[in-house]
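A structural walkthrough
Chain by chain, the residues:
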Amino acid sequence: MLTNLQSQSVIQSFLYHYQTPASVARVRYEVRTICRKLGYDDPEDIEWSLVTRPVVMAFMGDEARRAKKPSSQNFTLNIFKGLCREALLCQRMLTEQFNGINQIKGVRGERINLPTLPTIEDVIRVIRTCMKDGLIGIRDAAIFAVGVGTGLRRSEITRLQTKDIEFDEQRLHIVGKGQKKRTVSFCRGIGIILKAWADVRGKEGVPNFLVGLHKILIFPPAYERISSPAASYVSE
C-alpha cells in the first residue's frame, strides 16, 4: 500500500513552486523534454527509482544539449535536480541516489559545440577495451567506472577501501574533504565491474580496494595502493 507521500505526484509537487503562467509553461516544456529522453510518454509515468547519476549525466551530455548556451544547460539541469528532489520528498527516490545527482556541477564558460561528458556508448567502449587488457585492464575498468559512474575525486578513488563497498546494496561509503562522510550509490553495471576486480584482487594486502599489480605474483601479495596521478592517468 502506498503512503500519502508516495501517492503524491512528483510533477505537480514540483510545478507548485512556480506561480506565473510563463514560468510554468517553460518548466512544463523542460519536463516534457526530460520525459521523452528518459523513454516515457507521460511525465507522471517516470520511474524515479531508476533515475541515477549516470542517467542524468548521459542526458546532459547529449550533443544537442551541449551545444546550447551554458545558462540554458544549467536551467535544464536545475529542473532535473528539482524533480529529483521532489521525488526524494515523495519517497520515490533514495537519499543516496539523489545525493549523487545533486552533486553534478553546472556548466561554466561559453557555449561549446561538442559534448565534453562521455556518452553511455563512450563509457561502454572504454570499459570493454580495458577488460581486454588482462588483470590490469580489469582494475583500470574499475577505476574508470567508479570515477564516471559516481563522480568521486581522484583522491577518494585511491583511498577507497574494500570494506567501504556494499555490493548487495550498491553503495560506497566515502570519507571526503574535511573528513566528511557520505554515501554514494552505483548502478548494477558498475557493481559487476567492481565485483570482477574484487575477485581478481582478493582480500590480501593493504585495505585499499584499488591497488598496483606489479607484485601480484608474489606470495604473500605485496599490494600497494595506486597513486592519485595513476588514477588520473587511467581516467583520462
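Below or above, wherever it landed, is the structure these notes cover. In this text, all values refer to a predicted model and were calculated from it rather than measured experimentally.

Looking now at the overall build of the chain. Of the regular secondary structure elements, the chain holds 11 helices and 3 strands. Each helix and strand of the chain, placed in order from N terminus to C terminus, yields the pattern α-α-α-α-α-α-α-α-α-β-β-β-α-α. A sequence separation of at least 24 residues applies to 57% of the contacts in the chain between residues at least 6 apart.

A few words on the packing of aromatic side chains. For the coordinates displayed, the defined rule picks out 2 aromatic pairs. Aromatic side chains F59 and F80 sit 5.2 Å apart centroid to centroid with 85° between the ring planes, which places their arrangement in the edge-to-face category. Separated by 21 residues along the polypeptide, F59 in helix α3 (residues 53-60) and F80 in helix α5 (residues 70-89) bring together distant segments of the chain. An identical accessibility class is assigned to F59 and F80; each is buried. Just above the ring of F75 sits the side chain of R26; from NZ or CZ to the centre is 3.7 Å. Taking NZ or CZ as reference, R65 lies 4.1 Å from the ring centre of F59, over its face.

Below, the discussion takes up the layout of surface pockets. Each pocket or cavity is described by its volume, and for the largest pocket that value is around 670 Å³. Looking at the largest pocket, it is lined by 21 residues, and the ones nearest its centre are R53, M57, Q103, K105 and G151. Among the secondary structure elements, those contributing two or more residues to the lining of the largest pocket are α3, α5 and α8 (134-150). In the lining of the largest pocket, the residues fall into 9 nonpolar, 7 polar and 5 charged. Counting residues per element, the ones that place at least two in the lining of the second largest pocket are α3, α7 (120-131), α8 and α10 (188-201). Looking at the lining of the second largest pocket, its residues break down into 15 nonpolar, 4 polar and 1 charged.

Between its terminal C-alpha atoms α7 stretches 17 Å, which fits the 16 Å expected from 12 residues at 1.5 Å a residue. All of the buried residues along α7 are V123, I127 and C130. For α7, the angular spread of the buried residues around the axis is 60°, confining them to a single face. Away from its buried face, by an angle of more than 90 degrees, α7 presents the exposed residues E121, R128 and T129. If you follow the buried residues of α7, they end up packed against α8 and α10.

Moving on: the packing of α7 against α8. The N-to-C vectors of α7 and α8 enclose an angle of 155°; their axes lie 7 Å apart at closest approach. Taken together, α7 and α8 sit at an angle that is classed as roughly antiparallel. Along the contact surface, α7 presents V123, V126, I127, C130 and M131, while α8 presents G134, G137, I138, D140, A141, F144, A145 and V148. Of the residues belonging to the contact of α7 with α8, the class tally is 10 nonpolar, 2 polar and 1 charged.

Here α10 spans 20 Å end to end across 14 residues, near enough to the 20 Å set by a 1.5 Å rise per residue. For α10, the full list of buried residues reads I190, G191, I193, L194, W197, A198 and R201. Down the axis of α10, the buried side of the element spans an arc of 165°, and every buried residue falls inside it. Turned more than 90 degrees away from the buried face of α10 sit R188 and D199, all of them exposed. G202 occupies a position one or two residues after α10 and carries a positive phi of about 75°.

This brings us to the environment of Q12. Here Q12 is to be found in helix α1 (residues 10-15). Apart from the residues within four sequence positions on either side, Q12 is in contact with R28 and E44.

Overall, the coordinates contain 9 salt bridges when judged by the stated rule. Because the salt bridges share partners, they merge into one network encompassing E96, E166 and R171.

With that out of the way, let us pick up a negative patch on the surface. Residues D41, D42, E44 and D45 make up a contiguous surface patch of negative charge. The topology assignment puts E44 in the loop between α2 (21-37) and α3. Look at E44 and you get partly exposed, because its relative accessible area is 35%.

Reading guide: rules and limits
Residues numbered from 1 in each chain as written. Predicted model: local features only at pLDDT ≥ 70, side-chain atom pairs only at ≥ 80, totals over all residues. Heavy atoms only, no water. Helix = DSSP H or I, 4+ residues; strand = E, 2+ residues; numbered from the N terminus. Contact = heavy atoms within 4.5 Å. Phe/Tyr/Trp six-rings, centres within 6.5 Å; stacked < 30°, edge-to-face > 60°. Buried < 20%, exposed > 50% of the residue type's maximum accessible area, 1.4 Å probe, protein only. Lys NZ or Arg CZ within 6 Å of the ring centre and 35° of its normal. 1 Å grid on protein atoms, 1.4 Å probe; cavity = no way out; pocket = protein on both sides within 12 Å on 5 of 7 lines; lining within 4 Å. Points joined across faces, edges and corners; volume = space filled by probe spheres on them. Nonpolar A, V, L, I, M, F, W, Y, C, P; charged D, E, K, R; others polar. Expected span 1.5 Å × (residues − 1). Arc of directions from axis to C-beta. Axes fitted to C-alpha atoms, helices over the stretch in contact; angles between N-to-C directions. Parallel < 35°, antiparallel > 145°, perpendicular 65-115°, else oblique. Salt bridge = Lys/Arg side-chain N within 4 Å of Asp/Glu carboxyl O. Patch = residues over 30% accessible without salt bridge, like charges linked within 9 Å, V, L, I, M, F, W, Y side chains within 5 Å. Areas by Shrake-Rupley, 256 points an atom, 1.4 Å probe, with all protein chains shown as cover. Lys, Arg positive; Asp, Glu negative; His and termini not counted. Charge placed at Lys NZ, Arg CZ, Asp CG, Glu CD.

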